[in-house]
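Take a look at the letters that make up each chain.
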Amino acid sequence: MDAIDKMQTQGLHHVTAICGDPQRNVDFYAGLLGLHLVKLTVNFDDPGTYHLYYGDAAGTPGTILTFFPWAGAPRGRHGVGQVTAIAYGVPRNHLGFWKARIPGAEPLRTRFGQDGITFTDPDGMALEIIALDAEATSPAIARFHSVTLSEAGHDSTARLLTASMGLTAAAEQGNRFRYAAPEGVVDILCQPDARRGSMGTGTVHHIAWRAENDSVQRDWRQALSADGYDVTPVLDRQYFHSIYYREPGGVLFEIATDPPGFAIDEPAAQLGKSLKLPAWLEPERQRIESILPKLVVPEPPFAH
Ligand code: ZN
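Criteria and thresholds
Residues numbered from 1 in each chain as written. Predicted model: local features only at pLDDT ≥ 70, side-chain atom pairs only at ≥ 80, totals over all residues. Heavy atoms only, no water. Helix = DSSP H or I, 4+ residues; strand = E, 2+ residues; numbered from the N terminus. Salt bridge = Lys/Arg side-chain N within 4 Å of Asp/Glu carboxyl O. Buried < 20%, exposed > 50% of the residue type's maximum accessible area, 1.4 Å probe, protein only. Donors = N, O, S within 2.8 Å, 3.2 Å for Na, K, Ca; no water. Core = buried A, V, L, I, M, F, W, Y, C linked by side-chain atoms within 4.5 Å. Pairing = 2+ DSSP bridges. Contact = heavy atoms within 4.5 Å. Axes fitted to C-alpha atoms, helices over the stretch in contact; angles between N-to-C directions. Polar contact = N/O pair within 3.5 Å; in protein donor to acceptor, adjacent residues only side chain to side chain.

Caption draft 1: Examining unusual backbone geometry more closely. With an omega of 5°, the peptide bond running from Pro259 to Pro260 counts as cis. Position of Pro260 relative to the elements: it lies in strand 16 (residues 252–260). Phi is positive for Phe112, close to 55°, though the residue is something other than glycine. With respect to the secondary-structure elements, Phe112 resides in the loop between strand 6 (106–107) and strand 7 (116–120).

Caption draft 2: The arrangement of the pattern of salt bridges in detail. In total, this model carries 14 salt bridges according to the counting rule given. Notably, a salt bridge pairs Arg24 with Asp123, separated by 2.7 Å at the nearest N-O pair. In this pair, Arg24 is assigned in helix 2 (residues 22–32) and Asp123 in the loop between strand 7 and strand 8 (126–132), connecting sequence segments 99 residues apart. The class of Arg24 is partly exposed, set by a relative accessible area of 37%. Its relative accessible area of 5% is what places Asp123 among the buried residues. Where Asp187 meets Arg176, a salt bridge forms, and the shortest distance between an N and an O atom there is 2.9 Å.

Caption draft 3: Focus on the coordination of the zinc ion. Here the zinc ion is held by the protein donor atoms His14 (NE2), His206 (NE2) and Glu254 (OE), which lie 1.9 to 2.0 Å from it. Sequence spacing of the donor residues for the zinc ion, all on one chain, is H-x191-H-x47-E. Taken together, the residues span a long stretch of sequence, with His206 in strand 13 (residues 203–211) and Glu254 in strand 16 at a distance of 48 residues. Given the relative accessible area of 5%, His206 is considered buried.

Caption draft 4: Region of the structure containing the nonpolar core. Tyr29, Leu33, Ile129, Ile207, Trp209 and Phe253 are the most contacted members of the largest nonpolar core, which has 73 residues in total. Examining the composition of this core, we find that 5 residues originate from one element, helix 2, more than from any other. Counting 9 residues, the second-largest nonpolar core is a separate cluster that includes Ile64, Ala208, Tyr239 and Leu271.

Caption draft 5: Examining the sheet that holds strand 2 (residues 36–43) more closely. Pairing is mixed in the open sheet, where 8 strands are placed in the order 2-3-4-1-13-16-15-14. Either end of the sheet is taken by a strand with one partner, and the two such strands are strand 2 and strand 14 (235–236). In the sheet, strand 1 (residues 12–19) pairs with strand 13 via 6 bridges, with the strands oriented antiparallel. Within strand 13, the residue paired with Leu12 across the bridge is Trp209. Packed on one face of the sheet, helix 2 meets strand 1, strand 3 (46–55) and strand 4 (64–69) and runs near 10° to strand 3.

Caption draft 6: Looking closely at the side chain of Asn25. Summarising the element assignment, Asn25 is placed in helix 2. Take Asn25: its relative accessible area is 2%, and that puts it in the buried class. A distance of 2.7 Å separates polar atoms of two side chains, one belonging to Asn25 and the other to Tyr54. Apart from residues lying up to four places away in sequence, Asn25 is in contact with Cys19, Ala30, Leu52, Tyr54 and Phe67.

Structure below.
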């Protein structure tokens, strides 16, 4: 069996997006949606701005949504070549709770027979909550259900997902084509007449897929390069190691390792409670803290 046959991602690792005001972002994602702020750090390439990580209490891969706040930057334009919706799954018995809790939430039109709601965050980014085939006592948002890739075409992206990344074609409905990983799905929304999106607040910057460890990531890198993708070297993101490449439709993909995870630089019970900096930025902590706006993080409204 050659390397490519073995490659199959478990599913999404994280999604990274751009927001405006960081306090408004924290109030929405931690306060209203009840996600845990699992890491408070800075953009390593722009240490005068935050990098906010939300997830379940442990920051489990597949639950992680991160934001670069670009306060004062213009809004991006939604369009093809972008991730245009992020969907979370919740226990079926709590969908009504979320519809009542989120201002402006609307029922999702039939989505492969699944019930859900659609709404936007304060920067206009589209979010969805899908009812899972499961019940639970806590209404807490579980993990990503799916992301939607808006694309001018379909075949090249579908080939990457299936032939190179191990996803399988699962369903189609109109211009929506669903591909499944063991945990979670991705939809290609084929929109040949739509304009291209552009980066700015309220848009997704990239999505990351899971690799179990560094060795698997090396195999991924080799296989993707052999398939003609222009893959970056492995980059150290402190909480995971990353490679990046652009899928044929224009969305930036990343493959991120599950280890080392968010407990590498603070106790698991204290995740997100204080500003963490990588070793090379520690000497500049005082200056960085004086530049960053103060954030008030709401207590999680319900248990995960
Ligand atoms: Zn990333």
